[in-house]
Amino acid sequence: MSKTNTKVDGVFRTRSLGIAASGVQDQYSDGKAAKVWHLYIGGKKRTNEYSDSIIRVLKENNVQTVLDAACGTGVDSILLVEAGFTVKSVDASDKMLKYAHKLRWQRHSTEKAFEDWEIGEGDWLDLENCEDSIHHPEGGYDCVICIGNSFAHLPDFVGDQSTHRRAISNFHKMLKPGGVLIIDHRNYDHIIKFGKLPNSSSKLYYQGDRIHRIKTSVLTVDGDCTMITLDYEIDISGTGLADSTDPMREKADGTLIPISQFRLSYYPHTLAKFNALLEDEFGADADHQILPDFMAKKPDESYVPSYLVHIIKRKE
């Protein structure tokens, strides 16, 4: 698995967050990027936004065992451990996992649930073979989660979505009969049509208050969108993370702040194509729900969601 520094001209450039597949660069190889990303997602503020929704979905489906297939720094896994679920967590970025291990260590001696929480490196294209770091339950998991727009970081290496299909197939294999996959993606239909992120009232996964700017770029080839790139500028003033290489930006009040820049590239999963991707593996007649921003329904017809959350069940 590649572990190379991808910071170029002060911008972290990547085809992946380091959570998807062998051979994809790990953006967090120098450690600083993982710390800045934690500022962006907002820590526990993130899970407060949707904790009731995800716990409700899990309880409705009689879930006890969960594989968090894109755990990152562990924020979603911690939410589920605290709620009483048995959680196994994987990510392909050891720098992100370092955060999760640290948080587990801080609580494992006084809270048995955290002692039982298993964390390890895992590749979506080879999930069955990460037994050296976590132990899969016999018969499979009640639920696999892959949220936070994580799946969109997996490139379409060949151009026919075969890599995506293989990853979805592996998620399906991890589930016991009747188990559910919870997976999401940004509202790429809106981004492709309008060239920018939806102006939704819900930021859902990214609750940090240090976002200075996010710039959207849409790449098309022969009229088809092949990649969405987001340039993030994160305020790192007062964090101890800034150094002389970080550019300065002026806030609305005239204050100058140091920023850290990320350039992340995503595969643009449209709703129709993502539905087909899931249903090709789970079956066209599978129990499949789609929640706008993890809500049971849109507040009103004019509401444009930022994220579309799919809940699809493996057949008994």
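Residues numbered from 1 in each chain as written. Predicted model: local features only at pLDDT ≥ 70, side-chain atom pairs only at ≥ 80, totals over all residues. Heavy atoms only, no water.

### Considering the sheet that holds strand S4 (residues 86–91)
- Taken in spatial order, the seven strands line up as S5-S4-S3-S6-S7-S13-S12 in an open sheet, and their pairing is mixed. Edge positions in the open sheet fall to strand S5 (118–121) and strand S12 (288–292), since each of these has one partner strand only. Across the sheet, the axes of successive neighbouring strands diverge by a mean angle of 15 degrees, strand direction being ignored.
- Pairing analysis gives four bridges linking strand S3 (residues 65–68) to S4, with the strands arranged parallel. By the bridge assignment for S4, Val 66 is matched with Val 87.
- In the packing of helix H4 (residues 75–82) onto the sheet, contacts are made with S3, S4 and strand S6 (141–146), and the angle to S4 comes to roughly 170 degrees.
- Contacting strand S7 (175–186), S12 and strand S13 (307–313), helix H9 (residues 271–282) runs over the sheet at an angle of about 15 degrees to S13. (Pairing = 2+ DSSP bridges. Helix = DSSP H or I, 4+ residues; strand = E, 2+ residues; numbered from the N terminus. Axes fitted to C-alpha atoms, helices over the stretch in contact; angles between N-to-C directions. Contact = heavy atoms within 4.5 Å.)

### Section: the environment of Asp 287
- Topologically, Asp 287 is positioned in the loop between H9 and S12.
- When neighbours within four sequence positions are excluded, Asp 287 is seen to be in contact with Ile 311, Ile 312 and Lys 313.

### Some thoughts on the packing of aromatic side chains
- In the structure shown here, the tally under the stated rule is six aromatic pairs.
- Between Trp 124 and Phe 151, the aromatic rings sit 5.6 Å apart at their centres with planes inclined by 20 degrees, giving stacked as the arrangement. Remark: Phe 151 occurs in the loop between S6 and helix H7 (162–174) and Trp 124 occurs in the loop between S5 and S6; sequence separation between them is 27 residues.
- On the basis of relative accessibility, which here comes to 0%, the residue Trp 124 falls in the buried class.
- Using a relative accessible area of 0% as the deciding quantity, one classes Phe 151 as buried.
- An angle of 75 degrees between the planes, with centres 5.9 Å apart, marks the rings of Trp 124 and Phe 171 as edge-to-face. (Phe/Tyr/Trp six-rings, centres within 6.5 Å; stacked < 30°, edge-to-face > 60°. Buried < 20%, exposed > 50% of the residue type's maximum accessible area, 1.4 Å probe, protein only.)

Interpretation in functional terms is not warranted from these geometric data alone.
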